[in-house]
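If you want the building blocks of each chain, they are given just below.
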Amino acid sequence: MAWLRSVLYQLFLIITVIPYAFACLIWAPLPLRLRYRLTVGWPRLAIWGARVFCGIRWQVKGWNNLPDGPIVLLSKHQSAWETLFFPAHMPRPVCFVYKKSLHWVPFFGWGLALLRMIPIDRAKGRDAFDQVVRGGQACLDDGRWPLLFPEGTRVPPGQTGRFKMGGALLAVRTGAAVVPVALNAGECWPRNAFVKRPGMVTVSFGPAIPSEGLTADQLNAKVQAWIDAEMRQLNPERYDQH
């Protein structure tokens, strides 16, 4: 049954993303904020479809930890689910840092390219980080929130990847506070798995951590410590209790 529901959901995504992509091209001349609101209708539809077809429900802890001001979001990354959730349901527009090559992905990449987020060319090495800082500052100036996954890739439940420095460096350079985010979407939508499992995804926002007076290493350590501790609260069975 889970396999059949996952097939139906995949068909739902394919059928809906194609007309949405063409719609994105039609409304490309509109102002960015309106264009963003229209475009993220598809991720919102995808999150709704995940609940209807696959039984993936969600809840949020710590909405009140999101300030009404500039922040950098640094999030745990387990699944494709959160890449749909954040643009669809955050109270402010978010800016992902992602590989510029995604713009070439048919349909999905077209809509992404029109949202003026933070595409980077990783082949440029050190200059790639300068792209993150410039793009991140532009997003903050525009009232949007840069969102990075410090582990860099999706990490299976119960595991922790190495926390890269880019997000912490961006916060220190721009003076923005960091809000750490823990989530357990991988329990329902595992990495590289076609079959999705029903269940409850919890997204937990931690208290904002000011970057002022901290080095990027210190800030990164505080973010990782909070996320690791919160993950043990969300899914204690995944972690060694000794």
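A brief look at the structure comes next. (Residues numbered from 1 in each chain as written. Predicted model: local features only at pLDDT ≥ 70, side-chain atom pairs only at ≥ 80, totals over all residues. Heavy atoms only, no water.)

Our focus in this paragraph is the state of the cysteines. Using the criterion set out here, one finds 1 disulfide in the structure. The disulfide partner of cysteine 95 is cysteine 139, and the S-S distance across this bridge is 2.4 Å. On the sign convention where negative is left-handed, the bridge of cysteine 95 and cysteine 139, at about -105° about the S-S bond, is left-handed. Taken as a pair, cysteine 95 in strand S3 (residues 94-99) and cysteine 139 in helix H6 (residues 126-141) lie far apart in primary sequence, 44 residues in all. (Disulfide = S-S within 2.5 Å. Helix = DSSP H or I, 4+ residues; strand = E, 2+ residues; numbered from the N terminus.)

In the structure shown here, the tally under the stated rule is 5 salt bridges. Arginine 144 is the partner of aspartate 142 in a salt bridge, and the nearest nitrogen-oxygen pair spans 3.4 Å. Residue class for aspartate 142 comes out partly exposed when judged on its relative accessible area of 31%. For arginine 238, the salt bridge goes to glutamate 187, with nearest N and O atoms at 2.9 Å. Remark: glutamate 187 occurs in the loop between strand S6 (177-183) and strand S7 (199-205) and arginine 238 occurs in the segment after helix H8 (216-234); sequence separation between them is 51 residues. For arginine 238, a relative accessible area of 37% translates into the label partly exposed. (Salt bridge = Lys/Arg side-chain N within 4 Å of Asp/Glu carboxyl O. Buried < 20%, exposed > 50% of the residue type's maximum accessible area, 1.4 Å probe, protein only.)

Turning our eyes to something else, we now look at the nonpolar core. Core analysis: the largest hydrophobic core is formed by 66 residues, its most contacted members being Tyr9, Leu73, Trp81, Phe86, Val203 and Phe205. Look past the residues within four positions of valine 203 in its chain and what remains in contact with it is Gln59, Val60, Lys61, Trp81, Phe85, Val181, Ala182 and Leu183. (Core = buried A, V, L, I, M, F, W, Y, C linked by side-chain atoms within 4.5 Å. Contact = heavy atoms within 4.5 Å.)

We note that arginine 116 has phi near 50°; this positive angle belongs to a residue other than glycine. Its identity is not glycine, yet asparagine 192 carries a phi of approximately 60°, on the positive side. When you line up the elements, asparagine 192 lands in the loop between S6 and S7.

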